[in-house]
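Fold and contact review
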Amino acid sequence: MGYRSLAVLISRYPRFIILSWVFVIGMSAVWAWKLPGIVQDHGLNLNQGDAHAVELILEEEFHVPADPVILLFEKKTGTTPAEFRDWIKDRLQQVHTLSSVTSIISPLESRDSLMLRGDAAYALLAFDVPPHKMGPPLEQLRSLLTTDGPGTIRITGKSVVQQDVNRLSFRDLERAEVVGLPLAFFILCFAFRGLYAALIAVMMGVSGVITAMGVTSLMGYHSALSNFVINVIPMVGMALSIDFALIILSRFREELQRGQNSEETVMGDEELLQRMLCTAGRAVFFSAACVLLGLLGLLWIRLPMFLSVSLGAIIVLVISVLLNITLLPAILSLYSVRIFRQPSGNFISSKQGQYQQTLQSRSIWSFWSGMIMKRPVRMALLGTGALLIFVLPVARLEIAIPDASSLPDRMESRQAAEQIQRIFGQKDVSAVEIVIGGTAEPLTSYHWRMAWSKMRELQQDSNVIAVESAWGIMLPDKLSDQAQTHIKSQMNIPSLSLREALKETASQPPAWLRSYVSDYSIRIVASIHGAPGSDEAASWLEQIRAKDIANSIPFIPLRYGGEAVMQHEIMQEVSGQLPKVLVFVVVSNYLVLLAAFRSLLIPIKAILMNLLSLAASFGVLVLVFNQGHFGMESSAIAIMIPVFIAGLVFGISMDYGVFMLTRIQEVYRRTGDSDLAVQQGLASTGRLITSAAAILLAVTVPFAFADVAGVKQLGIGITAAVFLDVTMIRLVLVPALMKLMGRWNWWLPGTGNKD
């Protein structure tokens, strides 16, 4: 459907369009409130990876819970060890009465338990409830453990941390809306010099977010949703929808004034809407196309988080575009006189329109554009130098997989996790789960030979601290002759009589063996140097897998799992797919801008400027989070944050950028003077661009004060990217470079535009 047909449809059936949208928004609101209860964990898991496969095998064959709830018991002063143990036993017996608890791994199961140390102990609880639905069971557990006693109990675990993240993310969203919406409304009032237009723009933003959250909630019944969508949808939806409304409302008012300034006595609604859709509607369409391509690029990364966040942002983008090219024009066709009424109660007269247009030539933006055009080289060097100052710290960028430390330090789940690591953990050590078999095929002598070979290999590895297996805990180069004889005897176990052979084994109790040997798998746990996510652990995994390729038995799978492997696989997936994402986003955006502006060089310049502002925003993240400046806690940046910022900002910054270039192109086509086009285009859009950027900042800045670290990093990153883009890129570098390029700005082979 062309712009003319759309204008005809809207002008003929405005009330039907409004009522249809009211029905859709109302129905979506019912589902939107259910979204916090539908989202799951962060979604940083590779379902196709070895770590996930090992996790399933450990849970099914060795009864090791994948995401256990951890109870941390700490003894109070004056309590004897016997009283402490009896109290733990009593508490765990009470926990076992909960219907959702399937198993408990107690620190009291053996005297030399590694889960009991001094004045602290911890127990692992397995639930038959999916992690994202653990809210009610955790409430029951907390109510059961509130009574006083000779010790204290704190609860943690991945599912507990994710419940806290979900709850705080929704609270962060509420606070951001309370602050961001009034700020955006104030900016719109300043931009339009009127109340009604500002209310309409805010209404577009709120409607877009509510509808998108409702649609995303329905999608959550068919696919896993990351808890990040709770914040990404409002952040992207409010920013884009209000910006689109700002562009369309500004152009409609301009066309209205232009029609009054001409000698036409009456201008029909169809013609007015058509003019507005052909200019502002076209700019919105190409801006949305750039944002869409940036979001589609995220789909290359095969992690549920990137899939759900990308789809959620795409949904809010599409709905925002539809609202602003259908509902908003329908409202304007009925109530434009009231919307653009001046505070005195009079509609904008032609004399007022002429006065505002002549005043524009003497505005601050006219002065600014003139200054840029007089000193293009100096301004280009100044802008580039300022951005490079922020780009330099990017070399020290440190990323990591988010964990309990992403929560505020006041949260119980974070405190308990850090306390467990402090008491029971080993610094800079990772536990790697090694599973041989696991294909529903009974064990054979080949499996035992592979296990023996792997044990010998780990024993001789200087990076291995200890190895746990069915033959006990062994240290490198300290494997006793008796243990070696026992291992060799196990290699002769016939595949069809494994159960009987285990029963006849006298050197080890069957219960111990069952922790490391099942009917189909052999389990080995290796403790290696290097914390999960460290370069040392990643290097060891790459080396050990390279050896396995050369020495493995083809029909017997050998898999590695554990936290270190999971983080390594996620890092590899993101870093491996990132080049594809960048190539797709850059090439597709270039083609869109080429079609929009019919220029070979303007798209290249726009993309390079975007990449420069993105790199500068990453430098800001390094300064604030990695280096801990401005009072922030020094921490690693969550691995998904740079990717999200790149995918979102690369397209969002094109929003007002495309609008400015569209105005410059209009003047150039009318006058043929490139310098005049740049100067007038910047002067006429300067106020609108700064208003659009200010709205983006108003929406994103409140997220910079969020409780969840990932949300805070995303808010600060997008805020920095938008601020640098509108100040250094759009208002300095773009006009300065376009002045220097002259008529080459509009060169396209075969058109002769440079002449």
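Every chain's residues receive numbers from 1 upward, in the order its sequence appears when written. Reporting in this predicted model follows two pLDDT cut-offs: at least 70 for local features of residues, and 80 or more for side-chain atom pairs to be given and counted; totals over whole chains, interfaces and linings ignore these cut-offs and use all residues. Hydrogens and water are ignored here; the side-chain numbers use all heavy atoms of the structure.

1. Topic: the overall build of the protein chain
- From N to C terminus, the protein chain includes 25 helices and 12 strands.
- Burial status across the protein chain gives 54% buried among its 755 residues.
- A separation threshold of at least 6 residues defines the contact pool for the protein chain, and within that pool the share at least 24 residues apart is 80%.
- Only carbon and sulfur atoms are counted for the fraction: they give 60% of the accessible area of the protein chain, which is about 32800 Å². Strands are runs of DSSP state E lasting at least two residues, helices are runs of H or I lasting at least four, and both sets are numbered from the N terminus onward. Relative accessibility thresholds used throughout: buried, under 20% of the residue-type maximum; exposed, over 50%; partly exposed, between the two (1.4 Å probe, protein chains only). Contact definition: two residues touch when any of their heavy atoms are within 4.5 Å. Only the protein chains shown count as cover for residues, and all accessible areas are computed by the Shrake-Rupley method using a 1.4 Å probe.

2. Topic: the side chain of serine 106
- With respect to the secondary-structure elements, serine 106 resides in the loop between strand S2 (101-105) and strand S3 (116-117).
- Given the relative accessible area of 13%, serine 106 is considered buried.
- N or O atoms within 3.5 Å of each other form a polar contact, as long as, within protein, one can give a hydrogen and the other can take it, and as long as residues adjacent in sequence are counted only when both atoms are side-chain atoms. At 3.0 Å, the side chain of serine 106 and the backbone nitrogen of leucine 108 are in polar contact.
- Each residue touching serine 106, except ones within four places of it in the same chain, is listed here: Leu92 and Met115.

3. Side note on the packing of helix H7 (residues 158-192) against helix H8 (residues 195-219)
- Interaxial distance between H7 and H8 falls to 7 Å at its minimum, and their mutual angle equals 145°. Here H7 and H8 pass one another in a crossing that is right-handed. Together, Leu173, Leu181, Phe185, Leu188, Cys189 and Phe192 of H7 and Leu195, Ala197, Ala198, Leu199, Ala201, Val202, Val206 and Met213 of H8 make up the contact between the two elements.
- Any residue outside Ala, Val, Leu, Ile, Met, Phe, Trp, Tyr, Cys, Pro, Asp, Glu, Lys and Arg is labelled polar, Gly included; the first ten of those are nonpolar and the last four are charged. Here the residues of the contact of H7 with H8 sort into 14 nonpolar, no polar and no charged. Every axis in this analysis is a line fitted to C-alpha atoms, fitted for helices over the stretch in contact. Angles between the N-to-C directions lie between 0 and 180 degrees. Note on convention: near helix rotated counterclockwise from far helix by under a right angle means a left-handed crossing. Clockwise means right-handed.

4. Quick look at empty space enclosed by the protein
- Cavities and pockets are found on a 1 Å grid laid over the protein atoms alone: a cavity is a set of points where a 1.4 Å probe fits but cannot escape, a pocket is an open set with protein on both sides within 12 Å along at least five of seven lines, and a lining residue has an atom within 4 Å of such a point. Grid points are joined across faces, edges and corners, and a volume is the space filled by probe spheres set on the points. Applying the stated criterion across every chain, the model contains five cavities of 30 Å³ or more.
- Counted as a void, the largest cavity has a volume near 100 Å³.
- Lining the largest cavity are 13 residues, and of these Val581, Leu582, Val585, Ala646 and Gly647 sit closest to its centre.
- Ranked by residues supplied to the lining of the largest cavity, first place goes to helix H21 (residues 563-597) with five residues.
- Grouping the constituent residues of the lining of the largest cavity by class yields 11 nonpolar, two polar and no charged.

5. Digging into the pairing of strand S10 (residues 521-529)
- Within S10, eight of the nine residues are buried, which leaves the element mostly enclosed by the surrounding structure.
- Only when DSSP finds a minimum of two bridges between them are two strands counted as paired. Sheet topology places strand S7 (residues 429-437) next to S10; nine bridges connect them, and they run antiparallel. Across the sheet, residue alanine 431 finds its bridge partner in S10, namely serine 527.
- As paired elements, strand S8 (residues 464-469) and S10 share four bridges and run antiparallel to each other. Bridge pairing links valine 464 to isoleucine 528 in S10.

6. Here we look at unusual backbone geometry
- Non-glycine residue histidine 63 carries a positive phi angle of around 55°.
- Mapped onto the fold, histidine 63 is located in the loop between helix H4 (50-61) and strand S1 (69-75).
- Overall, histidine 63 belongs to the exposed group, its relative accessible area being 61%.
- Although it is not a glycine, arginine 598 adopts a positive phi angle of roughly 50°.
- Tracing the backbone shows arginine 598 in the loop between H21 and helix H22 (601-626).

7. Concerning the environment of histidine 96
- By secondary structure assignment, the location of histidine 96 is in the loop between helix H5 (81-95) and S2.
- Taking the relative accessible area as the measure of exposure, histidine 96 reaches 47% and is therefore partly exposed.
- For the pair histidine 96 and leucine 125, spaced 29 residues apart in sequence, the C-alpha separation works out to 9.1 Å.

8. Focus: the pattern of salt bridges
- A pair is scored as a salt bridge if a Lys or Arg side-chain nitrogen falls within 4 Å of a carboxyl oxygen belonging to Asp or Glu. With the rule as written, the count across this model stands at 18 salt bridges.
- Aspartate 90 is the salt-bridge partner of arginine 91, the closest N and O atoms lying 3.7 Å from each other.
- Judged by its relative accessible area of 5%, arginine 91 falls in the buried class.
- Between glutamate 666 and arginine 251 there is a salt bridge whose closest N-O contact spans 3.2 Å.

9. Re a nonpolar patch on the surface
- Nonpolar side chains collect at one region of the surface, where Leu9, Tyr13 and Phe16 lie side by side and expose about 340 Å² of accessible area between them.
- Within the secondary structure layout, leucine 9 lies in helix H1 (residues 3-12).
- For leucine 9, a relative accessible area of 35% corresponds to the partly exposed category. To count toward a patch, a residue needs a relative accessible area over 30% and no salt bridge; like charges are then connected within 9 Å, while nonpolar side chains (Val, Leu, Ile, Met, Phe, Trp, Tyr) are connected within 5 Å.

10. Description of the confidence of the model for the protein chain
- Across the protein chain, the average pLDDT comes to 82, with 88% of residues at or above 70.
- Between residues 486-509, whose pLDDT stays under 50, and residues either more than four places distant or in other chains, the model counts 36 contacts. Residue-level confidence of the predictor is what pLDDT reports, using numbers from 0 through 100.

11. What to know about the packing of aromatic side chains
- Side-chain rings of Phe, Tyr and Trp (the six-membered ring for Trp) are treated as a pair once their centres are within 6.5 Å; stacked means planes under 30 degrees apart, edge-to-face means over 60, and tilted covers the remaining angles. Applying the stated criterion across every chain yields a total of nine aromatic pairs.
- Note on tryptophan 31 and tyrosine 221: the rings are 6.0 Å apart at their centroids and 85° apart in plane angle, and the pair reads as edge-to-face. With tryptophan 31 in helix H2 (residues 14-32) and tyrosine 221 in the loop between H8 and helix H9 (229-261), the pair connects residues that are 190 residues apart, well separated along the chain.
- Residue tryptophan 31 is classed as partly exposed on the basis of its relative accessible area of 26%.
- The criterion for a charge sitting over a ring is simple: Lys NZ or Arg CZ within 6 Å of the ring centre, and within 35 degrees of the ring normal. Geometry around tryptophan 31 places lysine 34 over its ring, the cationic atom sitting 4.1 Å from the centre.
- Of note, arginine 449 hangs over the ring of tyrosine 446, and the distance from its end group to the ring centre comes to 5.8 Å.

12. Some details on the packing of helix H13 (residues 364-374) against helix H25 (residues 709-741)
- Two numbers describe how H13 lies on H25: the axes approach to 9 Å, and their chain directions differ by 50°. Compared by their axis directions, H13 and H25 come out oblique. As H13 runs across H25, the sense of the crossing is right-handed. Every residue of H25 that contacts H13 at Trp365, Trp368, Ile372 and Met373 is listed here: Leu731, Val732, Pro735, Ala736 and Lys739.
- For the contact of H13 with H25, the residue count by class is eight nonpolar, no polar and one charged. Roughly parallel means an angle under 35 degrees; roughly antiparallel means over 145; roughly perpendicular covers 65 to 115; every other angle is labelled oblique.

13. Focus: the environment of serine 241
- Here serine 241 lies in helix H9.
- Serine 241 sits 76 residues away from leucine 317 along the chain, and the two C-alpha atoms are 7.8 Å apart.
- With sequence-adjacent residues up to four places away left out, serine 241 is seen in contact with Met204, Gly205, Ser320 and Asn324.

14. Some thoughts on H2
- Taking 1.5 Å of rise per residue, the 19 residues of H2 would be expected to cover 27 Å, and the 26 Å separating its terminal C-alpha atoms lies within 8% of that figure.
- Within H2, burial applies to Pro14, Ile17, Ile18, Trp21, Ile25, Ser28 and Ala32. Projected down its long axis, H2 carries its buried residues within an arc of 95°, all on one side. In this structure, H2 carries Arg15, Phe16, Leu19, Val22 and Phe23 as exposed residues pointing more than 90 degrees from its buried face. The length a helix should cover is 1.5 Å for every residue beyond the first. The arc refers to the directions leading from the helix axis to the C-beta atoms.

15. Some words on the environment of glutamate 74
- With respect to the helices and strands, glutamate 74 occurs in strand S1.
- Under the relative-accessibility criterion, glutamate 74 is labelled buried at 14%.
- A C-alpha to C-alpha distance of 4.5 Å links glutamate 74 and alanine 120, two positions 46 residues apart in sequence.
- When neighbours within four sequence positions are excluded, glutamate 74 is seen to be in contact with Phe84, Asp119, Ala120, Gly151, Thr152, Arg154 and Gln419.
- Of note is the side chain of glutamate 74, whose polar atom sits 2.7 Å from the side chain of arginine 154.
- A polar side-chain atom of glutamate 74 sits 2.9 Å from a polar atom in the side chain of glutamine 419.

16. Overview of the side chain of serine 613
- Mapped onto the fold, serine 613 is located in helix H22.
- On the basis of relative accessibility, which here comes to 1%, the residue serine 613 falls in the buried class.
- In terms of polar contacts, serine 613 uses its side chain to reach the backbone carbonyl oxygen of asparagine 610, at 2.9 Å.
- Setting aside chain neighbours within four positions, we find serine 613 in contact with Asp725 and Ile729.

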